[in-house]
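Architecture at a glance
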Amino acid sequence: MKKWLLFASVLCLVFVIAACGSNNNGNSEAASSTPADVVIKASSWEFDQPEYHIKKGQTLELELIDGVHGVQVDKTDLKLTNNKAKTVNLDAGEYEINCNIPCGGGHSKMSAKLIVE
Ligand SMILES: [Cu+2]
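Residues numbered from 1 in each chain as written. Predicted model: local features only at pLDDT ≥ 70, side-chain atom pairs only at ≥ 80, totals over all residues. Heavy atoms only, no water.

Quick notes on the overall build of the protein
- Secondary structure summary: the protein contains one helix and nine strands in total.
- When the elements of the protein are put in sequence order from the N terminus, they spell out α-β-β-β-β-β-β-β-β-β.
- Burial analysis of the protein (117 residues in total) assigns 26% to the buried set.
- Once local pairs closer than 6 in sequence are excluded, the contacts in the protein between residues at least 24 apart make up 52%.
- Per element, the accessible surface of the protein, about 7900 Å² overall, is 57% carbon and sulfur. (Helix = DSSP H or I, 4+ residues; strand = E, 2+ residues; numbered from the N terminus. Buried < 20%, exposed > 50% of the residue type's maximum accessible area, 1.4 Å probe, protein only. Contact = heavy atoms within 4.5 Å. Areas by Shrake-Rupley, 256 points an atom, 1.4 Å probe, with all protein chains shown as cover.)

Re the pattern of salt bridges
- This structure, assessed with the given rule, holds three salt bridges.
- For Lys56, the salt bridge identified is with Asp91, shortest N-O distance 3.3 Å. Residue Lys56 is located in the loop between β3 (51-54) and β4 (59-64), and its partner Asp91 is located in the loop between β7 (86-87) and β8 (93-98); the two are separated by 35 residues in the primary sequence.
- Lys56 gets classed as partly exposed once you look at its relative accessible area, which sits at 46%. (Salt bridge = Lys/Arg side-chain N within 4 Å of Asp/Glu carboxyl O.)

Describing the nonpolar core
- Counting 22 residues, the largest nonpolar core has Ile40, Phe47 and Leu114 as its most contacted members.
- Only β1 (38-43), β3, β4, β5 (71-73), β8 and β9 (111-116) provide two or more residues apiece to this core. (Core = buried A, V, L, I, M, F, W, Y, C linked by side-chain atoms within 4.5 Å.)

If you want it as structure tokens, here you go:
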């Protein structure tokens with residue numbers, strides 16, 4: 001009888017662990033099932049690349065590594081918030097991107113270039 005109880009407990013534990021594991025997998029699959037064409041990774045206080053190249057009609061996404069940041073494409077109404085891909089329908093050219101969320105000491109240094117091809 002005790003053996004059954006132990007077996008049942010272990011089985012429960014396995015289910016709990018499996019459920020946690022599949023939840024995590026579900027999340028990462030959801031994120032990677034619609035990958036943006038270009039991802040800007042932001043941390044405090046820099047973007048991961050000095051410039052990003054994108055073709056008109058492709059999608060652009062902001063990924064936060066640490067801190068809370070946003071992206072504003074200068075002189076346009078294109079803004080990005082965390083993990084929400086947007087289609088870039090800007091004319092070809094060079095645009096400046098800045099962080100648009102006051103994020104602390106290095107906020108004003110957070111800029112990069114977006115080159116639309
Ligand atoms: Cu900022």
